[in-house]
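A closer look at the structure
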Amino acid sequence: EVEAVNMEEITGAQIIAEALKAQNVEYMFGIVGVPVIEVAMAVQGVGIKYVGMRNEQAACYAASAVGYLTGRPAVCLVVSGPGLIHALGGMANANMNCWPVVVIGGSSDQNQETMGAFQEFPQAVRSSIYGRPGACYVDVSGDMVTARVDRARVRAAPCCPPPPVSLAHPKAVTEAVAMLKTSKQPLVIVGKGAAYSRAEDEVQELVELCGLPFLPTPMGKGVLPDDHPQCVAAARSRALLQADVVVLLGARLNWILHFGLPPRFNPQVKVIQVDICAEELGNNVKPAVALLGDIRNVVSQALAAHSSVPMNYYTVFHHIAELLPHDCIIVSEGANTMDIGRTMLYNRLPRHRLDAGTFGTMGVGLGFAIAAALVESGRKTCQRVVCVEGDSAFGFSGMEVETMCRYKLPVIIIVVNNNGIYSGVDPHTWDELGKMGDLTTIAPPVTLLPEARYDQVMAAFGGQGFFVRTPQELRSALQLCLDDWERPSLLNVLIDPASDRKQQVVSTLIPFSFNIWF
Ligand code: ADP
Ligand code: MG
């Protein structure tokens, strides 16, 4: 009898409540009735918020939306029979949306020996959030709710940890990156799987580093801002039709995306499909590359595989844009340098951009920059003048760095150096050409001296010169220049001589070949 005194009794309802609390469940939505009233009261007792709804369907919709928004399932509490039937609509919707939700239904009484079924809880939470998220159902018989057991006999289930990291096969990642690099008209489709995966930072970096246009699905909206310059939602049909490579990030090629098929898609389109659900890969369209894994992790993998040297225009501008003060005066000239820079370097103030202008004149940049630096320092507004030049454009007036040095104008010149006009060749190819014959007869007219040391031209006059090959070097050199108000500086940023502009979706509304980001 001594034992009976020490025994702490606990009801089935309390066990449920504590098990849910241990799973970090924050919300329960439901409609109570026999036998689940005690369950609702017990969950409130452990600090879980209970929201009484008017129909189990709405309760289940609400619970599944909490699952989508937080990544941890909420619970929908229903009674047996009609209660569960009403909840089915919400469960089906959650399943189709790939949103986690745990539905708990009270049913008729059962024999005591099935009480071990309470151990189903951690499995319920796990199956709702692991793999493809979705709905799961736990059936609690009525007599379990009120039955009392010795607490010592209850085995508490530990909190189910978040899904383990899942990565795509490295070879598939390499293939995908190579396919993207050679694509002419790529398109990233951002679905609600990307939203659920909380992949916003990674997806933004991918889109910006590679200059990729993107299209959100309805609930993929907001992973990247709708007003992002690379968002092609306004030209959705053309974007889908013209894409040669589609990166599918957590969206299914179902009716929302016209099944990925003609006439809405290019019949030759190559799909790089990223999904956490293996069964989804190849649904309707056989992917050119299938990346099975969590979007956030897989996109990080792609970024790691991509951030190799040499850089391309988009990578360079992405890093510059992150570091430049919002009020700087941007002077720009060049071909790709000026075109891509215009889309990626934002102006937020009037009269803060000077470029090749109406006449498309190359060689204006350094003169403009000198003027801007003089006017601004005269006004004591101390806005930074940043001159973003193609290597060819820089050459037209490069000697003006001496002027800048002489007057100690703290202009920052960034030469985006691709060894040529429009494009160039690498040093090795240049040497090979030299061995093959007379360079004046065989060298492509667009080439300039590969890896020319424009930075040393600046250094020759006492300014700061930086020779930059990697994103890290670019960032640290630019930061040093921004911190130095005493003298001009020049960053000679080597990029892939074959780096090119990604063709953009052309809207029918805009005449000629202006791309819609302009
Ligand atoms: P949308 O309605 O935005 O097109 P869908 O519901 O069709 O989105 O597709 C979402 C896809 O995202 C599903 O195939 C699902 O398996 C997948 N998914 C869900 N979570 C993740 C994740 N963390 N990582 C990768 N894919 C995910
Ligand atoms: Mg979809």
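Remember, predicted model here, so these are calculated numbers, not experimental data. (Residues numbered from 1 in each chain as written. Chains lettered and ligands numbered in written order. Predicted model: local features only at pLDDT ≥ 70, side-chain atom pairs only at ≥ 80, totals over all residues.)

**Considerations on the overall build of the chain**
Formally: A run of H or I in DSSP becomes a helix once it reaches four residues, and a run of E becomes a strand once it reaches two; helices and strands are each numbered from the N terminus. Radius of gyration means the value over C-alpha atoms here, while the globule rule gives 2.2 Å times the residue count to the 0.38 power. With C-beta atoms placed from the backbone, a residue is labelled by how many other C-beta atoms lie within 10 Å of its own: buried for 20 or more, exposed for 12 or fewer, partly exposed between the two. Distance between backbone-placed C-beta atoms decides contact: two residues are in contact if it is within 7 Å.
Scanning the chain from N- to C-terminus turns up 21 helices and 18 strands. Over its C-alpha trace the chain gives a radius of gyration of 31 Å, far above what one expects of a compact globule, namely 24 Å for 518 residues. Taken along its principal axes, the extent of the C-alpha atoms in the chain is 100 × 55 × 45 Å. Residues counted as buried form 45% of the 518 residues belonging to the chain. Partitioning the intrachain contacts of the chain with sequence separation of at least 6 by distance along the chain shows that 76% fall at a separation of at least 24.

**A few points about the packing of helix α8 (residues 170-182) against helix α12 (residues 295-306)**
Stated formally: Axis angles are defined between N-to-C directions and span 0 to 180 degrees, where every axis is a line fitted to C-alpha atoms and, for a helix, only to the segment in contact. With respect to orientation, any angle under 35 degrees is reported as roughly parallel, any angle over 145 as roughly antiparallel, any angle of 65 to 115 as roughly perpendicular, and every other angle as oblique. Crossing chirality is assigned from the near helix's rotation relative to the far helix, an anticlockwise turn below a right angle marking it left-handed and a clockwise turn marking it right-handed. Charged residues are taken to be Asp, Glu, Lys and Arg, nonpolar residues to be Ala, Val, Leu, Ile, Met, Phe, Trp, Tyr, Cys and Pro, and polar residues to be all remaining types, Gly included.
As a packed pair, α8 and α12 sit with axes 9 Å apart at the nearest point and diverge in direction by 65°. With respect to each other, α8 and α12 are oriented roughly perpendicular. Here α8 runs over α12; the crossing is right-handed. Only Gln-301, Ala-302, Ala-305 and His-306 of α12 make contact with α8, whose side of the interface consists of Val-173, Thr-174, Ala-176 and Val-177. Broken down by class, the residue content of the contact of α8 with α12 amounts to five nonpolar, three polar and no charged.

**Things to note about the sheet that holds strand β11 (residues 270-275)**
What counts, and what does not: By definition, two strands form a pair when at least two bridges between them are found by DSSP.
If you walk across this open sheet you meet the five strands as β9-β8-β10-β11-β12, and the pairing is parallel. Of all strands in the sheet, those with a lone pairing partner are β9 (214-216) and β12 (289-292), marking the two edges. Averaged over all neighbouring strand pairs, the angle between strand axes comes to 15°, with direction disregarded. Each of β8 (186-190), β10 (245-249), β11 and β12 touches α8; the most contacted strand, β12, lies at about 130° to it.

**Notes on the packing of helix α2 (residues 12-22) against helix α3 (residues 37-45)**
Packing of α2 against α3 brings their axes to within 8 Å, and their N-to-C directions diverge by 45°. Relative to α3, the element α2 is oriented oblique. Between α2 and α3 lies a crossing of right-handed hand. Contacts between α2 and α3 pair Ala-13, Gln-14, Ile-16, Ala-17 and Leu-20 from the former with Glu-38, Val-39, Ala-42, Val-43 and Gly-45 from the latter. Of the residues in the contact of α2 with α3, the class split is seven nonpolar, two polar and one charged.

**Looking at the nonpolar core**
What counts, and what does not: Take the buried Ala, Val, Leu, Ile, Met, Phe, Trp, Tyr and Cys residues, join any whose C-beta atoms are within 7 Å, and the set you get is a nonpolar core.
By size, the foremost hydrophobic cluster in this structure holds 145 residues, and its most contacted members are Cys-76, Val-101, Ile-189, Leu-249, Cys-387 and Ile-414. Among residues more than four places away in sequence, those in contact with Cys-76 are Phe-29, Gly-30, Glu-56, Ala-59, Cys-60, Ala-63, Ala-87, Gly-90, Val-101 and Val-103.

**Notes on the environment of Ala-124**
Checked against the element boundaries, Ala-124 lands in helix α6 (residues 120-129). Along the backbone, Ala-124 and Gln-383 are 259 residues apart, and their C-alpha atoms lie at a distance of 59 Å. Dropping the residues within four chain positions of it, Ala-124 is found in contact with Val-102, Cys-136 and Val-138.

**Observations concerning the sheet that holds strand β13 (residues 329-333)**
Spatial ordering of the open sheet is given by β14-β13-β15-β16-β18-β17, a layout of six strands whose pairing is parallel. A strand with exactly one partner marks an edge of an open sheet, and here the two such strands are β14 (353-355) and β17 (464-468). Taking each pair of neighbouring strands and ignoring which way they run, the sheet shows an average axis angle of 15°. Pairing analysis gives five bridges linking β17 to strand β18 (residues 489-494), with the strands arranged parallel. Within β18, the residue paired with Phe-467 across the bridge is Asn-492.

**Considering the site of ligand 1**
Short version of the rule: Here, nearness means that the C-beta atom of a residue, built from backbone geometry, sits within 6 Å of the molecule or strand in question.
What surrounds ligand 1 is a group of 23 residues, the closest being Gly-191, Gly-193, Thr-217, Ala-251 and Arg-252. Sorting elements by how many residues they give to the shell around ligand 1 places helix α9 (residues 192-196) first, with three residues. Residues belonging to the shell around ligand 1 are distributed by class as follows: nine nonpolar, eight polar and six charged.

**Quick look at helix α15 (residues 365-379)**
Put simply, the rule reads: Here the expected length of a helix is defined as 1.5 Å per residue gap, with one fewer gap than residues.
The first and last C-alpha atoms of α15 sit 21 Å apart over 15 residues, in line with the 21 Å expected at 1.5 Å per residue. Within α15, burial applies to Gly-365, Leu-366, Phe-368, Ala-369, Ile-370, Ala-372 and Ala-373. Looking at the buried side of α15, the elements it contacts are β13, β14, β15 (385-390), α16 (391-397) and α17 (400-406).

**What to know about the confidence of the model for the chain**
What counts here: The predictor attaches a confidence to each residue, and that confidence, scored 0 to 100, is pLDDT.
Taken as a whole, the chain shows an average pLDDT of 91; of its residues, 93% reach a score of 70 or greater. Under a pLDDT of 50 for its full length, residues 112-120 has, in the predicted model, eight contacts with residues more than four places off or in other chains. In the model, residues 507-518 has pLDDT below 50 throughout and makes 19 contacts with residues more than four positions away in sequence or in other chains. As a predicted assembly, this complex carries a pTM of 0.78 together with an ipTM value of 0.90.

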